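Observations on chain architecture
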Amino acid sequence: VDFKVESQRLTDQLRNVLEGMTDGFYMLDGDWRFTYANERAASMLGHPRDALEGAVFWDMFPEIKGTAFEAMFREARERGTSQRLTEYYAPFERWFEVNVHPGASGLGIYFRDVTEERRAAQQRYLLEKAIRELNEVVLITEAEPITAPEGPRITYVNDAITALNGYKPEEVINRTPRLFHGPETEGPELARLRAA
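Let us look at the structure shown here. (Residues numbered from 1 in each chain as written. Predicted model: local features only at pLDDT ≥ 70, side-chain atom pairs only at ≥ 80, totals over all residues. Heavy atoms only, no water.)

As for the packing of aromatic side chains
The full count for this structure, using the stated rule, is 18 aromatic pairs. Arranged with centres 5.8 Å apart and planes meeting at 45 degrees, the rings of F34 and F57 form a pair that is tilted. Of this pair, F34 sits in strand β2 (residues 34-37) while F57 is found in helix α4 (residues 57-60), placing the two residues 23 residues apart along the sequence. Aromatic ring contacts, followed pair by pair, group Y26, W32, F34, F57, W58, F61, F69, F73, Y89, F92, F96 and F111 into a single cluster. Here the basic side chain of R118 rests over the ring of W95, its NZ or CZ set 3.6 Å away from the ring centre. (Phe/Tyr/Trp six-rings, centres within 6.5 Å; stacked < 30°, edge-to-face > 60°. Helix = DSSP H or I, 4+ residues; strand = E, 2+ residues; numbered from the N terminus. Lys NZ or Arg CZ within 6 Å of the ring centre and 35° of its normal.)

Pasting the structure below:
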C-alpha cells in the first residue's frame, strides 16, 4: 500500500464531503486564522474563500467580540471541549446554530442558519397559545375509523374542556371521545360525526 497515495485519496474524500455539506464549515488555527472554509461557509459569511483563508477571524468579524459566540469559541479552545450554541447574529439578522470542536491544530466550526426554524417554532407557539386559550372547546382525535372497537384516541384538547365538563386536558388525552357520549349522543348527530 502506497501510504502517500492512500493519504491523498482520504484527503480528497474528506474535502468532497466538506464541500457537499449544507452546513457551513471552517477551521481556525492557533492564531485564529482561517485555514479552510467550505463554499457554504464562504457564502453564509459573505466573503469569498480566498479572502477568508489566511485572514484572522477577529479582523474579518470584529463585531463578534464581546458576544456569546466569542465566549464559546474561547471556551472551546481553552477547555479543549466541544461547545454548541444557538444565537441571534445581529449583523446578518439571522439565527445560527454553531458547533465548535477543538483539535490539535485549532478549531473546527460547523454552523447553519436556523432562522426559518425559529420563526416556524414561534408561529407554532403563538398558534398553540391562541387555541389553548379559546373559549370554545377544540378537540383533536386520531384519524382512525370511529367505528373501531376502541375508537380513535384524543390527541389534543384546549383548556376550555374544563369549563365545559370539568375534565382537565390531561384526563382526556389518549382516551376515546366516547368518554363524552351520553343518551343524546346516539342517532343522527353521531352518524354525522362518523361520516365526517
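Some thoughts on unusual backbone geometry
The phi torsion at W32 lies on the positive side, around 65 degrees, for a residue other than glycine. By the secondary structure assignment, W32 is in the loop between β1 (24-29) and β2. Judged by relative accessible area, W32 falls into the buried class, the value being 10%. Its identity as a non-glycine residue notwithstanding, N174 has a phi of 75 degrees, on the positive side. (Buried < 20%, exposed > 50% of the residue type's maximum accessible area, 1.4 Å probe, protein only.)

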